[in-house]
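Coordinate inspection notes
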Amino acid sequence: MGQVDGFLKYNRELPKKIDPKNRVQHSGEFYEPLDDEKTNHQAARCMDCGIPFCHGGCPLGNKIPEFNEAVYQDDWKKAISVLQSTNNFPEFTGRICPAPCEASCVLSINNQPVAIEHIEKTIAEKAFELGYIKPLKIKDRTGKKVAIVGSGPAGLAAAQQLNKVGHLVTVFEKDDQIGGLLRYGIPDFKMEKWTIDRRISLMEEEGVKFVVNTCIGKDVSKEELMQDFDAVLIAIGCLEPRDLEIQGRNLEGIHFAMDYLTQQNRRVANLNVTEELILAKDKHVIVIGGGDTGSDCVGTSNRQGATSVTQLQYHDKPSNVRSLVNPWPEWPMTLTTSTSHEEGCERSWSVLTKSFVSDEEGHVKGLKIVKLKWSTRNGRTTYTEVPNSEQVIPCDLALIAIGYSNPVQDDVIKSLEVETGSRGTIPTKKYQTNIENVFAAGDVRRGQSIVVWAISEGREAARQIDEYLMGYSNLETKNESLASLKN
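Report on the accompanying structure. (Residues numbered from 1 in each chain as written. Predicted model: local features only at pLDDT ≥ 70, side-chain atom pairs only at ≥ 80, totals over all residues. Heavy atoms only, no water.)

1. Here we look at the sheet that holds strand S3 (residues 209-211)
Keep this limit in mind: Paired strands, as defined in this entry, are two strands with at least two bridges between them according to DSSP. Secondary structure is summarised from DSSP: a helix means a run of H or I of at least four residues, a strand means a run of E of at least two, and numbering begins at the N terminus for each. Note on method: axes are straight lines fitted to C-alpha atoms, helices fitted across the in-contact stretch only, with angles between N-to-C directions ranging 0 to 180 degrees.
The strand order across the open sheet formed by five strands is S3-S2-S1-S4-S16, and the pairing between neighbours is parallel. In the strand order of this sheet, the two ends are held by S3 and strand S16 (438-440), each with one partner. In this sheet, adjacent strand axes meet at a mean angle of 20° when their direction is disregarded. Of the strand pairs in this sheet, strand S1 (residues 145-149) and strand S4 (residues 231-234) are connected by four bridges, and their pairing is parallel.

This is the structure:
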C-alpha cells in the first residue's frame, strides 16, 4: 500500500495530453511527462484494502500494491524488481494495456481507481533511465534448443523466460521486423516502435536469436525444425479477420482494418509498402466496428487528413455507469471515449450495415445503413430494424474492424500437423499440443485477446516447456506469484 490516507488526500491525476489539433499533425506519442512528485501522489492513493482485487483483474498477477509502495518510497530499484517478477515488458503494458487491474481496484467502487497503468509505465522508463534494466548474463546453458514461431508479446515473453533459464532460443518471424502486432498492429501514437527496438536489443545481448522474413513450413520445413530444436512453441496470433458479407463488398476502397494499420505503421517507419496505398486524405471514412482496432483506425484517418470519420457500432450505446448485472469488480461495460475519438469522430450506435453503394467506376461511394432497436426478453437480446430508418451515408473509404475469427490456417499450422479446434485455435494440455514437443500460446491458443493475456500465456507456456525439457522448472507461474502474496 502507499500512504495510509493517500486516497483521501489526492485525486487521480494522469499525464496531460497534447491538444488534439496539434497531436494529429504527427504520429508520435502525445502525453506530457508527469513529474515524480505527482506520480508519488498517485502511488500514495493505493489503500490498505485487505484483499487487493487488482491482482485478480491482472492476467499477469502483477504485485500492484507492492510496486506502488516502492514508488511511494521513491525506491525505483525495488519497484522494477517487483514489477519484472511477473511482467516481462512493463514498457509495453504501461502504454497499451486496457488496465483491467484499474477496473477491479477497490477504490473504483465509489471513487477513481489508482493510476496503475501510468505507474507501471513510469517504473519501466525510470528503470531504463537509471540503468536498472540491463541484459542478463546467462552463465549456465542447458544445451537445449527451443524454436519460437511468432514474435508478438506471447512469443517474446516465452523467449525471454526460456533464455533466462539457459535454453538456446531462436525466434522465427515471417515479417521483416520483430514484434508482431506490437509493431504492425499498434499505431505509433499509442506506442512508438523504438520501445520494441530497445527491448529486442536487450534480448539479443542476452542471447536470444531472431530470424526475420522466415515462414515455418515454407522457408523452414517441419523436418528441419524437428531436427534442429528440442521443443517448438507456436505463437502466431489470431489474425484471420471477420468479414462483412454484404452486397458491394468487392468494391474498391473497402479494406480490413489491420491491412490499413499495418501499412500506416510501415509508412511511419519509412519501410517499403508494396501494395496499393490505403489513404484517408480528403475522404469520407467509415469505420465499421466499435472496438480498439476501430478506434485506432479513427486516429490514423485523422492523421492522414480525412474529410470526415464515422464509426459505426452494431450494439446499443453503453451507459456511463455500471448496470446492476455488471457490478464491480467485473470489467465495466460502460461508454468509453478514446483519445482518437477526442480528435474528431462521429459515433453511431445500433446501426446495421446493409450494402455498399458503388460509383460508375466500381469504387465505393456510400454505405446503406439502417437503425436498430434492441430488446431483451427471457434473458435473450435481439434487435428489429427501425421502419423507414434506412439511409445512405457518404463513404470513400470503408475500414472493417469487427474482430478476428481464428488463427490464419497457413503453412505453420499445416506443416507442423497440429490439431485445431472448431474455432481454428490450437487446443492444448498444459500448453502442449497433440505433438509431444510442440506447444502453443497466446491468441493462437485462446483466441483474440489483449496484450497482458499474451504475455501471461507466453510465461506459462515457457514454464511448461522448461519442465518438459528438464523434468522440473524454477520459472514462477501466475498462481505461485499470487500465492506468494499471502505469505
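2. Thoughts on the nonpolar core
To keep things clear, this is the line we draw: The set of buried Ala, Val, Leu, Ile, Met, Phe, Trp, Tyr and Cys residues whose side-chain atoms join them within 4.5 Å is what this entry labels a nonpolar core. Remark: exposure states derive from per-residue accessible area (1.4 Å probe, protein chains only) relative to the maximum for the residue type, with buried under 20%, exposed over 50%, and partly exposed in between. Contact criterion: two residues are considered in contact whenever any of their non-hydrogen atoms come within 4.5 Å of each other.
Residues Ile123 and Ile148 are the most contacted members of the largest nonpolar core, which totals 61 residues. No other element matches helix H19 (residues 451-470), which puts seven residues into this core. Ignoring any residue separated from it by four or fewer positions in sequence, one finds isoleucine 148 in contact with Gly155, Ala158, Ala159, Leu162, Val169, Thr170, Val171, Phe172 and Leu233.

3. Section: empty space enclosed by the protein
Short version of the rule: Here a cavity is any set of points on a 1 Å grid over the protein atoms alone where a 1.4 Å probe fits but cannot get out, and a pocket is any open set with protein on both sides within 12 Å along at least 5 of 7 lines; a residue lines the site when it has an atom within 4 Å of a point. Grid points are joined across faces, edges and corners, and a volume is the space filled by probe spheres set on the points. Residue polarity follows a fixed list, in which Ala, Val, Leu, Ile, Met, Phe, Trp, Tyr, Cys and Pro are nonpolar, Asp, Glu, Lys and Arg are charged, and the others, Gly among them, are polar.
Overall, the coordinates contain six cavities of 30 Å³ or more when judged by the stated rule. Size it by volume and the largest cavity reaches roughly 100 Å³. For the lining of the largest cavity, the secondary-structure elements that each account for two or more residues are helix H4 (53-57) and helix H5 (64-72). Considering every element that reaches the lining of the largest cavity, the biggest residue donor is H5, with three residues. A breakdown of the residues in the lining of the largest cavity according to their chemical character gives 13 nonpolar, one polar and no charged.

4. Regarding helix H3 (residues 36-44)
Stated precisely, the cut-off is as follows: Polar contacts, as used here, are pairs of N or O atoms within 3.5 Å; protein pairs need one atom able to donate a hydrogen and one able to accept it. Residues neighboring in sequence count only if both atoms are side-chain atoms.
Every buried residue of H3 is listed here: Thr39, Asn40, His41, Gln42, Ala43 and Ala44. Turning to H3, the residues buried within the fold contact helix H1 (6-9), H5, helix H6 (76-84) and helix H9 (116-130). Between a side-chain oxygen at the N-terminus of H3 and the backbone nitrogen of glutamate 37 the separation is 3.1 Å; the capping residue is aspartate 35.

5. Comments concerning the pattern of salt bridges
Just so we agree on the cut-off: Note on definitions: salt bridges are taken to be side-chain nitrogens of Lys or Arg within 4 Å of carboxyl oxygens of Asp or Glu.
This model, assessed by the stated rule, comprises 22 salt bridges. With a closest N to O distance of 2.9 Å, glutamate 342 and lysine 17 form a salt bridge. With glutamate 342 in helix H16 (residues 339-342) and lysine 17 in the loop between H1 and helix H2 (20-23), this residue pair connects regions lying 325 residues apart in the sequence. For glutamate 342, a relative accessible area of 36% translates into the label partly exposed. Using a relative accessible area of 34% as the deciding quantity, one classes lysine 17 as partly exposed. Ionic pairing is found between glutamate 417 and lysine 222, a salt bridge with its closest N-O pair at 2.7 Å. One end of the pair, glutamate 417, is in the loop between helix H17 (411-416) and S16; the other, lysine 222, is in helix H13 (residues 222-228), with 195 residues separating them in the sequence. Looking at lysine 222, the relative accessible area reads 19%, which means it is buried.

6. Focus on the packing of helix H10 (residues 153-164) against helix H12 (residues 194-206)
Stated formally: We call two directions roughly parallel when the angle between them is under 35 degrees, roughly antiparallel when it is over 145, roughly perpendicular when it lies between 65 and 115, and oblique otherwise. The handedness criterion is simple: a crossing whose near helix is rotated anticlockwise from the far helix by less than a right angle is left-handed, and one whose near helix is rotated clockwise is right-handed.
The interhelical angle for the contact between H10 and H12, taken along N-to-C directions, is 30°, at an axis separation of 11 Å. Here H10 lies roughly parallel to H12, going by the angle between them. The handedness of the crossing between H10 and H12 is left-handed. Two secondary-structure elements touch here, H10 through Leu156, Ala159, Gln160 and Asn163 and H12 through Arg199, Ile200, Met203 and Glu206. Among the residues forming the contact of H10 with H12, the class breakdown is four nonpolar, two polar and two charged.

7. Observations concerning a positive patch on the surface
Operational definition: Patch membership requires over 30% relative accessible area and the absence of a salt bridge. Like charges are linked within 9 Å, and nonpolar side chains (Val, Leu, Ile, Met, Phe, Trp, Tyr) within 5 Å. Only the protein chains shown count as cover for residues, with accessible areas throughout obtained via the Shrake-Rupley method and a probe of 1.4 Å. We treat Lys and Arg as the positive residues and Asp and Glu as the negative residues; His and chain ends play no part in the count. Where a charge lies is defined by one atom per residue type: Lys uses NZ, Arg uses CZ, Asp uses CG and Glu uses CD.
Among the surface-exposed residues, Lys77, Lys134, Lys137 and Lys139 lie close enough to one another that they form a single positively charged patch. Counting through the fold element by element, lysine 77 comes out in helix H6. Given a relative accessible area of 54%, lysine 77 falls into the exposed group.

8. As for the sheet that holds strand S9 (residues 346-348)
The strand order across the open sheet built from five strands is S6-S14-S7-S8-S9, with neighbouring strands paired in parallel fashion. Single-partner strands in this sheet number two, and they are strand S6 (254-256) and S9. When the angles between neighbouring strand axes are averaged without regard to direction, this sheet yields 20°. With three bridges joining them, strand S8 (residues 308-312) and S9 adopt parallel strand pairing. Its bridge partner lying in S9, threonine 310 is registered against glutamate 346. Its contacts with the sheet place helix H14 (residues 257-268) against S6 and strand S14 (397-400), and it is angled at close to 80° to S6.

9. Comments concerning the side chain of asparagine 163
Summarising the element assignment, asparagine 163 is placed in helix H10. When its relative accessible area of 1% is taken as the criterion, asparagine 163 is described as buried. Ignoring sequence-local partners within four residues, the contact set of asparagine 163 consists of Ile138, Arg141, Val169, Glu206, Gly207 and Val208.

10. Remarks on the packing of H3 against H9
Two packed helices can be described by the angle between their axes and the distance between those axes. Interaxial distance between H3 and H9 falls to 10 Å at its minimum, and their mutual angle equals 130°. Accordingly, the angle class assigned to the pair H3 and H9 is oblique. Crossing geometry of H3 relative to H9 is assigned as left-handed. Across the interface between the two elements, Asp36, Thr39, Gln42 and Ala43 from H3 touch His118, Ile119, Thr122 and Lys126 from H9. Residue classes in the contact of H3 with H9 are distributed as two nonpolar, four polar and two charged.

11. Describing the packing of aromatic side chains
What counts is decided by this rule: Stacked, tilted and edge-to-face pairs are distinguished by plane angle, under 30 degrees for stacked and over 60 for edge-to-face with tilted covering the rest, among Phe, Tyr and Trp rings (Trp via its six-membered ring) whose centres lie within 6.5 Å. Whether a charge sits over a ring depends on NZ of Lys or CZ of Arg being within 6 Å of the ring centre and within 35 degrees of the ring normal.
The final tally for this structure, using the stated rule, is eight aromatic pairs. An aromatic cluster is defined as three or more aromatic residues linked by ring pairs; in this entry it consists of Tyr314, Trp374 and Tyr383. One Lys or Arg, arginine 446, reaches over the ring of tryptophan 453 and ends 4.0 Å from the middle of that ring.

12. Some thoughts on the layout of surface pockets
Here the second largest pocket defines a volume of roughly 280 Å³. Taken together, 15 residues form the lining of the second largest pocket, with Gln84, Ser85, Leu136, Gln160 and Lys164 sitting closest to its centre. Elements supplying a minimum of two residues to the lining of the second largest pocket: H6, H10 and H12. Top element by residues in the lining of the second largest pocket is H10. It accounts for three residues. Split into classes, the residues belonging to the lining of the second largest pocket amount to three nonpolar, seven polar and five charged.

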